[in-house]
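Overview (structure and organization)
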Amino acid sequence: MTVRYGVPGISARPTWFPAPAVARTAPLGATKKPLPLIIDSDPGLDDALAIGLACARPELDLLAVTTVGGNADVRHCTENALRLLHRYGRDDVPVAEGAAGAILGEVIRAPEIHGVSGIGNTVLDPSPNAARAEGAVELIASILRSHPEKVAIAPVGPLTNIALLIRLHPELVDRIAHLSIMGGSIGEGNKTVSAEFNIYADPEAADVVFRSGIQITMMGLDVTHQALLDGAAVERLRKTDTASGGVAADLVDFALARERAWYDAPAAAIHDAVAVAHLAIGDLVSVAEYHVEVDVTHGPARGRTVCEGYPRRLARSGQVVNAQVGIHLDPKRFEDVLVDAYARLP
Ligand code: RIB
Ligand code: CA
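Attention here is on the structure that accompanies the text.

This part is about the packing of aromatic side chains. Taken as a whole and assessed by the stated rule, the structure comprises three aromatic pairs. Note on Tyr88 and Tyr342: the rings are 5.8 Å apart at their centroids and 75° apart in plane angle, and the pair reads as edge-to-face. Here Tyr88 is found in the loop between α2 (74-87) and β6 (95-97), whereas its partner Tyr342 is found in helix α13 (residues 331-344), with 254 residues between them in sequence. For the pair formed by Tyr88 and Tyr342, the shared burial category is buried. In this arrangement the basic side chain of Arg258 is found over the ring face of Trp262, its NZ or CZ atom lying 5.6 Å from the centre.

Written out as C-alpha cells, the structure reads:
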C-alpha cells in the first residue's frame, strides 16, 4: 500500500503550492568587492552565529550591528552584540541599541529558548566599546546617508527598527540594497501555529516592511529548519581550536539541550545565519517568488506571513510578488560554512 501525504492508501495533492526555484535578486558579496552590510538583531543564540559568520566572510563588509528587543531584553541584546564582536576581534564594528519592543501590542521574549541573558549560560569578556548614543535607527540612517554604495540589511530579529527607519527616513529607503530577513514561514509558525517569532513579536512593523517596496528575501522557517547543527557539528566547532569556535559550540550546545528536552530532536536550527549566508554565498539557498502579506489581525492567525506563490491566484487577485522566499539549502554545506567561518575567527 502506498502511503502518501500521511494517509494510508490515499494519495492527495499537497495543500501547499511548491513555487519553483528562481534566480536570486539578493546582491552577492565578493572578496574583491565585499557587500556593505548591517545586521539588525536580538542576540540570541543563532543571532550570535549570524554575526560571527558576517565577521568571518570576506564577501561581506559588516558596517554595524544594531539591536532590538526580542529573544531577550534589548539591554541584554546590546551587551551581547558588543561582547560578541569583541570576541570575534571586531571592535571596529559599531553597535547601537534600538526598540525595546513592538510598536503595538505585547512585548514578547524567549528566555525559555535563549536564556534570560539571550546567550544561554555563556559569559563573554566585556567589550571596550559602548553602544552608540544615537541609537539603532539613526546609526543605520547615517550609514545609508554617507556610504557611497547601497547597503544591505539583514534583520534577524523583530522588524521594529526597520519599520521605524522606513517611517522616520523614507528618503533613505532607496539606499537600502536589499533586506535579507530571517522571519516568517510559508507553512506553520513556531511562536504560534500561525506565526514565526520575529514576525509575531511585531506584526505591524513587519507589515510596514513587506509593503515598503524594498527588495526582500525572506528566510522563513521552511528553509531555516533545514539549517541544522547537531552534536557532531558542535564537536567540529570546538575542533576549530579558536576561542570563537568554542563560544559557538557552547551556544549551539545550549540550544541542543532544549531541542533534546522538548522534542527529543538531535539538532537545532541556526535560523539567522541563513539570512547572512545568502548574501555571501550565491548557491547555498534556493529561493522562490511569493506575494507575502502579514496578518495584523488579533485573531489566531496574528503574525502569519501569508505567502501566495500560485501564479493563477496571483493573476486573479492582482497581487504582485514582493519577496523571494528561501525554500531549500544543503544542511551539510551549511554546517561546513559555519565551521569554516569559526575556524577563521580569533
Ligand atoms: O524564529 C526564529 C527567530 O526568532 C530567530 O531570529 C531567533 O533568533 C529568534 O529571534
Ligand atoms: Ca534572532
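From this point, things continue past the structure.
The next subject is the pattern of salt bridges. Summed over the entire model, instances satisfying the criterion amount to 19 salt bridges. A salt bridge links Arg132 to Glu134, with the nearest nitrogen and oxygen atoms 3.6 Å apart. By relative accessible area, Arg132 is classed as partly exposed at 40%. Taking the shortest distance from any N to any O, the salt bridge between Arg236 and Glu335 comes out at 2.8 Å. On the criterion of sequence distance, the pair formed by Arg236 in helix α9 (residues 231-238) and Glu335 in helix α13 is long-range, its members being 99 residues apart. Salt bridges sharing common partners tie together Arg236, Lys332, Glu335 and Asp336.

A few words on the environment of Asp174. Among the structural elements, Asp174 can be located in the loop between α5 (160-168) and β8 (176-182). Along the chain, Asp174 and Asp91 lie 83 residues apart, while their C-alpha atoms are 29 Å from each other.

Scanning all chains against the criterion turns up one cavity of 30 Å³ or more. The calculated volume of the largest cavity comes to roughly 40 Å³.

Quick look at the coordination of the calcium ion (ligand 2) now. The coordination sphere of the calcium ion (ligand 2), as far as protein atoms go, consists of Asp42 (OD), Asp47 (OD), Asp47 (OD), Val156 (O) and Asp272 (OD), spread over 2.2 to 2.7 Å. Of note, the donors binding the calcium ion (ligand 2) are all from one chain and are spaced D-x4-D-x108-V-x115-D. Like Asp42, the residue Asp47 is buried in the burial classification.

Okay, unusual backbone geometry next. Here Asp241, not a glycine, exhibits a phi torsion of approximately 60°, which is positive. Structurally, Asp241 can be placed in the loop between α9 and α10 (243-263). On the basis of relative accessible area, Asp241 is assigned to the exposed category, the value being 70%. Positive phi values are uncommon outside glycine, yet Asp264 reaches one of about 55°. By relative accessible area, Asp264 is classed as exposed at 70%.

This paragraph deals with the nonpolar core. Among the nonpolar cores identified, the biggest contains 65 residues, and Leu37, Ile39, Leu49, Leu62 and Phe334 are the most heavily contacted of them. With nine residues, helix α1 (residues 45-56) is the largest single contributor of residues to this core. The contact partners of Leu62, leaving out residues within four places of it in the chain, are Leu37, Ile39, Ala54, Cys55, Leu85, Arg90 and Val93. By size, the runner-up hydrophobic cluster in this structure holds 40 residues, among which are Ile176, Ile181, Ile199 and Tyr290.

A separate point is the site of ligand 1. For ligand 1, the set of nearby residues contains 13 residues, the closest of which are Asp46, Asp47, Asn190, Glu196 and Asp272. In the model, an oxygen atom of ligand 1 is placed 2.9 Å from a nitrogen or oxygen of the Val156 main chain. Put simply, ligand 1 lies in the largest pocket.

What counts, and where the lines are drawn
- Residues numbered from 1 in each chain as written.
- Chains lettered and ligands numbered in written order.
- Predicted model: local features only at pLDDT ≥ 70, side-chain atom pairs only at ≥ 80, totals over all residues.
- Heavy atoms only, no water.
- Phe/Tyr/Trp six-rings, centres within 6.5 Å; stacked < 30°, edge-to-face > 60°.
- Helix = DSSP H or I, 4+ residues; strand = E, 2+ residues; numbered from the N terminus.
- Buried < 20%, exposed > 50% of the residue type's maximum accessible area, 1.4 Å probe, protein only.
- Lys NZ or Arg CZ within 6 Å of the ring centre and 35° of its normal.
- Salt bridge = Lys/Arg side-chain N within 4 Å of Asp/Glu carboxyl O.
- 1 Å grid on protein atoms, 1.4 Å probe; cavity = no way out; pocket = protein on both sides within 12 Å on 5 of 7 lines; lining within 4 Å.
- Points joined across faces, edges and corners; volume = space filled by probe spheres on them.
- Donors = N, O, S within 2.8 Å, 3.2 Å for Na, K, Ca; no water.
- Core = buried A, V, L, I, M, F, W, Y, C linked by side-chain atoms within 4.5 Å.
- Contact = heavy atoms within 4.5 Å.
- Near = heavy atom within 4 Å.
- Polar contact = N/O pair within 3.5 Å; in protein donor to acceptor, adjacent residues only side chain to side chain.
- Sits in = over half its atoms within 2 Å of the grid points.

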